[in-house]
Amino acid sequence: MLVVVAWLICMALLVHRSYLQPAPANLATDLARYGPTATWRGVYYRGEKIGFTVSQTVRTPDGFELQEDARLQLTLLGSTSTTTIRTTALVDASFVLQSFGFSLDPGTGAVHVRGSIEPPGSDSAGSHRLTVAITSAGVTRTETHQLAEPPVMNLNMSRILASRGIAAGTRHHWTILDPATMRHAPVDVRIGAREVVRTRDGVFPAFRVDMSYYGLQTTSWVTDTGDIIREESPLGLMTVRESPEQAQGLAIPSGVQRDLMRMSAVVPVMSRRIDEPRDVRRLRLRLEGVELPAADLDGAGQTVEGSIVEIKDPRTLQPGPADADAKRFLAPERLIESDAPEIVAEAERAVGTATSTRDKAERLTRYVNALLDKKPTVSLPSALEVLRTKVGDCNEHTALYVAMARAAGIPARIAVGLVYVRGAQGAFYYHAWPEVYLEESAGRGLWLPVDPTLNQFPADGTHLRLVRGGLDAQAAILPLIGRLRMTVLDMELDPQSTPVLVGATETELPLLAAAATSEPRAVGSCGCDK
C-alpha cells in the first residue's frame, strides 16, 4: 500500500496541509466489514497524518481473501481532495496470488482494475497468464501479460513471508505487481534481525524487512504471523499500527510541517534568473545526485552527454528524417482510450476545419486547455474519465490531449519531467505534457513538445523531459524526488527579452489564474504555474 501512496503523492507533488475528517456514510459502510482482528494503520507524511488503512485476512474454501481499504485526504493548493483505495486479493493456502481487485476513487469517479492469474499448462507458452480488466468511465478494456512466475502484491507479500517462516538473514527475489500502475517488476526482499517496535497500539516483536523495487527502498517491520507493524517509504511516508479509534482520529498538527511542493522542487544553481520562460532559447544543465532514467533524455529538442542535458526552444526545431516508429503512437492503450466514440467525436470538434497536422495539433492544445477546469486531482488519469468530469491538472490535460490527438490521426505520447516556475524561489517543478509527431513534408517530420495545461504551442524551452510513457514508466520519477540536483551551466535568452528589474514577488502558486488571452497562467497539482 505504501508504494501506491508514494505514487499518488508523486502524482500530486504538492501538499499544503493534510487533515482527516469524520468518514462519510459510504466509507463507514465500506469499513463495516472489518472485524475485531483487522489491522488498522495511520498514514503519515513527515509526521503529519494524511489518512489511514485497514486490512484483514478472511479464510475461504480454497485459501484466503486479503482485504484492504485506505483513505487519504489532502489539501492541494487550497483544494481538499479525498481519495479512497480498495484492494482485495484471493490467494491459495500458501498465499500465492490467484486474482485481485483494485479501485481508486479521487471523488470524481473510480477506476477499477481486476485481474486473474492462470497457472502454467493453461497455455502453450508454459508461463503464468495475467489477465487484467480495467474499467473507467463505464468502459472496460482487457489486456493480458505473460509472466514467468505468479506475481506478488504488496498486500500478500508479508503473508507469504510468514507462511514460509520468516528467518533473519534470508533473501527473496520475486516479481511484484503494482495494481495502480499495472507495472510488474523484480523485487529484492532482505530479512533483517528481529526488533522491538513500539507504537501507540502497543509493543511488538517484528522482523525488519528491506525491500528494493524499481529504485524505491522501503523498510517494514513484520511479525511472525505476517502483520505489518510499521512501514517507511520514500518522500517521508510512514504507516504505523494503531487502534481503530487512533487510526481514524484527528490528532493532527494544525500547522504544516513542510510543503511537499517546495520539498520536491529542484532549485538550480544558476548565475542569473529566468524572468520569462518563453524567452529561453537554450538551456545547458548538469543533473547530479541520482541515476537518471537515460533512455528518454535524448530527442525532441534535448541532447544528453553523460550528466549534461541541453534543451533547445521547441520553436526552433526543424524536421528531420521520418520516425518509422511514430505510427505506433496512434493506437489506444491503457487509460488512453483514443478509439472511444466520445473521444473521437470530441477530437473532431476540436480540430474543426484545420487541414495540416500542425494546425490540428495547435487547435487541440487550445481546446483542451479551455475545456478543463484547472483543479488538482489525485487519480489514475483516464482520458474518458477526464472528458466526462472536465477537471484536472497536468496529468489529466496530458492524458486527454494524447487520446484526442491519436483519435485525430496525430501520433502523440506522454512526457514527464520538470518545468521552470518563476517566483520567489525560481525552481523546476515536476510536470507532464504531450509530444506530438508532425509530418512536415514527404519523408520528414519531428516530435514537438506541447503543453495544453499552460496553453503553450509549442511548449517553452524550460521543459526538461525525464521519462516518456504511461503510469508504469512514470514510476521512474519517484526515486528522483528530493535527490536530484541541477546546475545551469549556460543559458541563451531571446535577444529581445527585457529583464524584470522591479516588481512584486510571487510567493505562492495560485490554484487558478485569471483568464488571459493567448497563454493563461494555469496551474494543476503538478506545480506548473508559469
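This is a predicted model, so every value here is computed, not measured.

Reading guide: rules and limits
Residues numbered from 1 in each chain as written. Predicted model: local features only at pLDDT ≥ 70, side-chain atom pairs only at ≥ 80, totals over all residues. Heavy atoms only, no water. Helix = DSSP H or I, 4+ residues; strand = E, 2+ residues; numbered from the N terminus. Buried < 20%, exposed > 50% of the residue type's maximum accessible area, 1.4 Å probe, protein only. Areas by Shrake-Rupley, 256 points an atom, 1.4 Å probe, with all protein chains shown as cover. Contact = heavy atoms within 4.5 Å. Pairing = 2+ DSSP bridges. Axes fitted to C-alpha atoms, helices over the stretch in contact; angles between N-to-C directions. Expected span 1.5 Å × (residues − 1). Parallel < 35°, antiparallel > 145°, perpendicular 65-115°, else oblique. Nonpolar A, V, L, I, M, F, W, Y, C, P; charged D, E, K, R; others polar. Salt bridge = Lys/Arg side-chain N within 4 Å of Asp/Glu carboxyl O.

## Remarks on the overall build of the protein
Then, in step 1: Along the backbone of the protein there are ten helices and 27 strands.
Then, in step 2: Here the protein, with 530 residues, has 58% of them falling under the buried criterion.
Then, in step 3: Of the roughly 21100 Å² that the protein leaves accessible, carbon and sulfur atoms contribute 50%.

## Some thoughts on the side chain of D313
Then, in step 1: Mapped onto the elements, D313 comes out in the loop between β19 (308–312) and β20 (320–321).
Then, in step 2: Non-local contacts of D313, meaning those with residues more than four positions away in its chain, are made with V280, R281, A459 and G461.

## So, the sheet that holds strand β27 (residues 485–493)
Pairing between the strands of a sheet is mediated by backbone hydrogen bonds and can be parallel or antiparallel.
Then, in step 1: Spatially, β18-β19-β17-β27 is the arrangement adopted by the four strands of the open sheet, whose pairing is antiparallel. Lying at the two open borders of the sheet, with one neighbouring strand each, are β18 (302–305) and β27. Strand-to-strand twist of the sheet, defined as the mean angle between neighbouring strand axes without regard to direction, takes the value 15°.

## Brief notes about unusual backbone geometry
Then, in step 1: With an omega of -10°, the peptide bond running from F457 to P458 counts as cis.
Then, in step 2: Examined against the element boundaries, P458 turns out to sit in the loop between β25 (444–449) and β26 (464–468).
Then, in step 3: Residues other than glycine seldom take positive phi values, yet K390 does so here, at roughly 55°.
Then, in step 4: In this fold, K390 is placed in the loop between α8 (383–389) and β22 (391–392).

## Side note on helix α9 (residues 394–407)
Then, in step 1: When the terminal C-alpha atoms of α9 are compared, their 20 Å separation across 14 residues agrees well with the 20 Å that a helix rising 1.5 Å per residue should span.
Then, in step 2: Positive backbone phi, approximately 85°, marks G409, located one or two places after α9.

## Structural notes on the packing of helix α6 (residues 341–351) against α9
Then, in step 1: Running from N to C, α6 and α9 point in directions that differ by 80°, and their axes come no closer than 8 Å. The angle between α6 and α9 falls in the class roughly perpendicular. Across the interface between the two elements, I343, V344, E346, A347 and A350 of α6 pack against L400, A403, M404 and A407 of α9.
Then, in step 2: Class assignment for the residues of the contact of α6 with α9 results in eight nonpolar, no polar and one charged.

## Quick notes on the sheet that holds strand β24 (residues 427–441)
Then, in step 1: With antiparallel pairing, the five strands of this open sheet are ordered in space as β20-β25-β24-β23-β26. The strands lining the two open edges of the sheet, one partner per strand, are β20 and β26.
Then, in step 2: Along the sheet, helix α7 (residues 357–371) makes contact with β24 and β25, crossing β24 at roughly 150°.
Then, in step 3: Strands β23 (412–421) and β24 of the sheet are contacted by α9, whose axis makes an angle of about 10° with β24.

## Let's talk about the pattern of salt bridges
Note on pairing: side chains with opposite charge can pair once their charged atoms come close.
Then, in step 1: Summed over all chains, the structure comprises 31 salt bridges.
Then, in step 2: Between R282 and E492 there is a salt bridge, with its nearest N and O atoms 3.4 Å apart. Of the two residues, R282 is situated in strand β17 (residues 280–288) and E492 in strand β27; the sequence distance between them amounts to 210 residues.
Then, in step 3: You can call R282 buried: its relative accessible area is 19%.
Then, in step 4: Accessibility expressed as a relative area gives 39% for E492, which makes it partly exposed.
Then, in step 5: Note that R284 and E310 form a salt bridge whose closest N and O atoms lie 3.6 Å from each other. Placement of R284 in strand β17 and of E310 in strand β19 is noted, with a sequence separation of 26 residues between them.
Then, in step 6: Look at E310 and you get buried, because its relative accessible area is 16%.
Then, in step 7: Among the ionic contacts, a cluster of salt bridges with common partners joins R282, R284, E310, D490 and E492.

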